[in-house]
Amino acid sequence: VQLVESGGGVVQPGGSLRFSCAASGRTFSRNAVGWFRQAPGKEREFVATINSSGGFTYYADSVKGRFTISRDNAKNTVYLQMNSLKPEDTALYYCAAREIGVVSRTPDLYTYWGQGAQVTVSS
């Protein structure tokens, strides 16, 4: 499975962005998908995850209520809607897929990774 993120960019505090993570190579409707981010000088951290059916989602406390993860298995795509963005959300964002449909917040349990896309929140 190859994953490609799109939708990053520069936004002012309080603004919104939507990431897409498109899978190619094969369908990933049976895979749980997660979003992670890494800021300069910091470790990669969990952001959000969704199970294979889309019926269960889980968020980091730092983004809960502001970010929404969703998926459209017919389009082989997972989305991350980011609202009320803060400067501390600035990071390189990655989508990742597990081999199974069960969610996890642990990066090491994800097999497939996208190349990353930058989000910069600045006035």
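The text that follows walks through the structure, step by step, so that each part is easy to find.

How each quantity is defined
Residues numbered from 1 in each chain as written. Predicted model: local features only at pLDDT ≥ 70, side-chain atom pairs only at ≥ 80, totals over all residues. Heavy atoms only, no water. Helix = DSSP H or I, 4+ residues; strand = E, 2+ residues; numbered from the N terminus. Rg over C-alpha atoms; globule rule 2.2 N^0.38 Å. Buried < 20%, exposed > 50% of the residue type's maximum accessible area, 1.4 Å probe, protein only. Contact = heavy atoms within 4.5 Å. Areas by Shrake-Rupley, 256 points an atom, 1.4 Å probe, with all protein chains shown as cover. Core = buried A, V, L, I, M, F, W, Y, C linked by side-chain atoms within 4.5 Å. Pairing = 2+ DSSP bridges. Axes fitted to C-alpha atoms, helices over the stretch in contact; angles between N-to-C directions. Polar contact = N/O pair within 3.5 Å; in protein donor to acceptor, adjacent residues only side chain to side chain.

Quick look at the overall build of the chain now. A tally of regular secondary structure across the chain gives 0 helices and 11 strands. Going from N to C terminus, the chain has its helices and strands arranged as β-β-β-β-β-β-β-β-β-β-β. In terms of overall dimensions, the chain is globule-like: its C-alpha atoms have a radius of gyration of 13 Å, near the 14 Å expected for 123 residues. Projected onto the principal axes, the alpha-carbon positions of the chain cover approximately 40 × 25 × 25 Å. For the chain, buried positions account for 46% of its 123 residues. Here the analysis covers contacts within the chain between residues at least 6 apart in sequence; of these, 57% occur between residues at least 24 apart. Carbon and sulfur atoms provide 48% of the accessible area of the chain, an area that totals close to 6,000 Å².

Side chains of a nonpolar character, in soluble globular proteins, are inclined to be buried together. Formed by 35 residues in total, the largest nonpolar core has its most connected members in Leu3, Trp35, Leu80, Met82 and Tyr93. Broken down by element, this core gets its largest block of residues, 5 residues, from strand β9 (residues 91–97). The contacts of Met82, once residues within four sequence positions are left out, are Gly15, Ser16, Leu17, Phe19, Arg66, Phe67, Tyr93 and Val119.

Moving on to the sheet that holds strand β3 (residues 17–24). Taken in spatial order, the 4 strands make up an open sheet running β1-β3-β8-β7, and their pairing is antiparallel. At either end of the open sheet lies a strand with only one pairing partner, and these are β1 (2–6) and β7 (67–72). Between one strand axis and the next, the sheet turns by 15 degrees as a mean value, whatever way the strands run. When β3 meets strand β8 (residues 77–82), the two strands line up antiparallel, connected through 6 bridges.

You can see Asp89 is positioned in the loop between β8 and β9. Within the local environment of Asp89, its side chain forms a polar contact with the backbone nitrogen of Lys86, the two atoms lying 2.8 Å apart. Dropping the residues within four chain positions of it, Asp89 is found in contact with Arg37, Arg66, Phe67, Ser84, Val119 and Val121.

Any functional reading would require information that these geometric values do not contain.
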